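Overview (structure and organization)
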Amino acid sequence: MTYEYRDYALSVLLTKGKVLISMEKVALYMVKWNDDVMKEISIMNSILPSFGKDVSIDIGTSMTRVMGGTRETMMSEPSIVATDTKLDKIVAVGDDADRIVRRMPDMWMELTPLQDGFIVDYRVMHTMLKYFLHKVSNTLRRSRVLVGVPCGMTDVEQRAMMDAVIQAGAREVFLIERPVAAAIGSGLPIFEARGSMVIDIGEGTADMGIISLGGTVISKTIRFGGGDLDRAIMQYINQCFGLMVSEQTITDIKHAIGTAVVPAEDCEFSFTGRDMTSGIVRRAVLHQSEIYEVINKCLADFLDAIQQLIRVTAPELVADIMQHGIVLTGGMARLQGLAERISSEMGVPVQVASDPELKVVQGLHRSSGQIVELARFIINSKDRRGRV
């Protein structure tokens, strides 16, 4: 009878997702077995955990967000690696890389694997993905990974992304466009006969799409994001104040007085920088009206791209958008007055999702349990054996 009980217990443990009795009841049966059988069962229980839990990853130009895995964590770290300038060797990734590069810029060099949302350094991308994915999952080789990608990726760019994820250790990878993931994360009715429009604005790209009846009607990616505003503000300070300032100062200025609409009150922001001529540190004051003029110039192409997308959309879907509005996601959606500016230019209601920078990774995480239903949204997939 001993081995009959053992065979029954093993059949329970090996049933994928169809466990007939709880592990507590298995423990009760163990009292009937001798010590060596109990040892076999405990070993099997330790080496046969559940097949790896799905991992969702949103790889942005400035930040990478990972959700899920065996640790069921949410991780957000900079999309950078640090290399030793003398040995040409990668020494740190993410938060660790950000800390050492800022404090010892002469010894370490910062590398980013993405530019405008697309891979520009495969080696760095592979290292960064391997670090992030293994940080959230200790069963990665049994895990599926869902990746949010820009709209309109070429076949070559898709294969490069999938190969990087597979080589980082994943069992299978699925690519889903960011507007779709953002719509799912925002809870929009993507399977209903109703047009839903989402615009996800990150650091390097703005991804926009219209979704209806479980499919993407039209989507588009443009090279525009928060990085464009940062560079424009930096250039303005260099030219008008003759000062060099840090990236953190630019971020503080953008968050404090950055606006996409004419400010009701002309607020001030005091900052310090290094004089480009004398090298002396001095203080300057920036007005909100100045920042508005800088940002306003950057928004022209972005607003025009939204108009073009709506212009080529079917009238029935445009009517839905007019009624239900546009949802903004991504980090730049937090820019003061951006939703109001888009609404006034397009004549449609616009709302900013709660925690807009997390909507893509949250949508990918929700999608992991609906792979079959979302088949039309998966633009490409690949497993470890190379099967698509």
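Look up: the structure comes first, before these words.
The structure presented is a predicted model; accordingly, all values stated were derived computationally and were not measured. (Residues numbered from 1 in each chain as written. Predicted model: local features only at pLDDT ≥ 70, side-chain atom pairs only at ≥ 80, totals over all residues. Heavy atoms only, no water.)

Details of the packing of aromatic side chains
- Taken as a whole and judged by the stated rule, the model has 5 aromatic pairs.
- Taken together, a centroid distance of 6.4 Å and an interplanar angle of 70 degrees make the contact between Y236 and F241 edge-to-face.
- Overall, the relative accessible area of 18% leaves F241 in the buried class.
- Members of the aromatic cluster, connected to one another through ring pairs, are Y236, F241 and F271. (Phe/Tyr/Trp six-rings, centres within 6.5 Å; stacked < 30°, edge-to-face > 60°. Buried < 20%, exposed > 50% of the residue type's maximum accessible area, 1.4 Å probe, protein only.)

Considering the environment of H324
- Residue placement: H324 occurs in helix α11 (residues 315–324).
- Leave out the neighbours within four places in its chain, and H324 touches R194 and P349. (Helix = DSSP H or I, 4+ residues; strand = E, 2+ residues; numbered from the N terminus. Contact = heavy atoms within 4.5 Å.)

Topic: the sheet that holds strand β2 (residues 63–68)
- Taken together, the 6 strands give an open sheet; going across it, the order is β3-β2-β1-β9-β10-β19, and neighbouring strands pair in mixed fashion. A strand with exactly one partner marks an edge of an open sheet, and here the two such strands are β3 (73–78) and β19 (378–383). Taking each pair of neighbouring strands and ignoring which way they run, the sheet shows an average axis angle of 15 degrees.
- As judged from the 5 bridges shared by strand β1 (residues 55–59) and β2, these two strands associate in the antiparallel manner. Pairing of S56 across the sheet is with M67, part of β2.
- Packing of helix α13 (residues 359–367) onto the sheet brings it into contact with β1, β2, β3, β9 (144–149) and β10 (172–177), and relative to β1 it is tilted by some 155 degrees. (Pairing = 2+ DSSP bridges. Axes fitted to C-alpha atoms, helices over the stretch in contact; angles between N-to-C directions.)

Here we look at the pairing of strand β17 (residues 326–329)
- Residue alternation in β17 divides its side chains into two sets, I326 and L328 and V327 and T329, and both sets are buried.
- Relative to β17, strand β11 (residues 196–201) runs parallel, the two sharing 4 bridges. Bridge pairing in β17 links V198 to V327.
- Where β17 meets strand β18 (residues 350–352), 3 bridges bridge the pair, whose relative direction is parallel. Residue pairing across strands places I326 opposite V350, the latter belonging to β18.
- The parallel pair β17 and β18 is bridged by helix α12 (residues 338–346), and the resulting crossover is right-handed. (Right-handed = clockwise from strand over helix to strand, strands pointing away.)

Topic: the sheet that holds strand β5 (residues 89–93)
- Strand order in the open sheet formed by 3 strands is β5-β4-β6, and the pairing between neighbours is antiparallel. The open sheet has two edge strands, β5 and β6 (108–111), and neither has a second partner. Each strand of the sheet is rotated relative to its neighbour by a mean of 35 degrees, with strand direction disregarded.
- By the bridge criterion, 4 bridges tie strand β4 (residues 81–84) to β6 in an arrangement that is antiparallel. Bridge pairing in β6 links D84 to W108.

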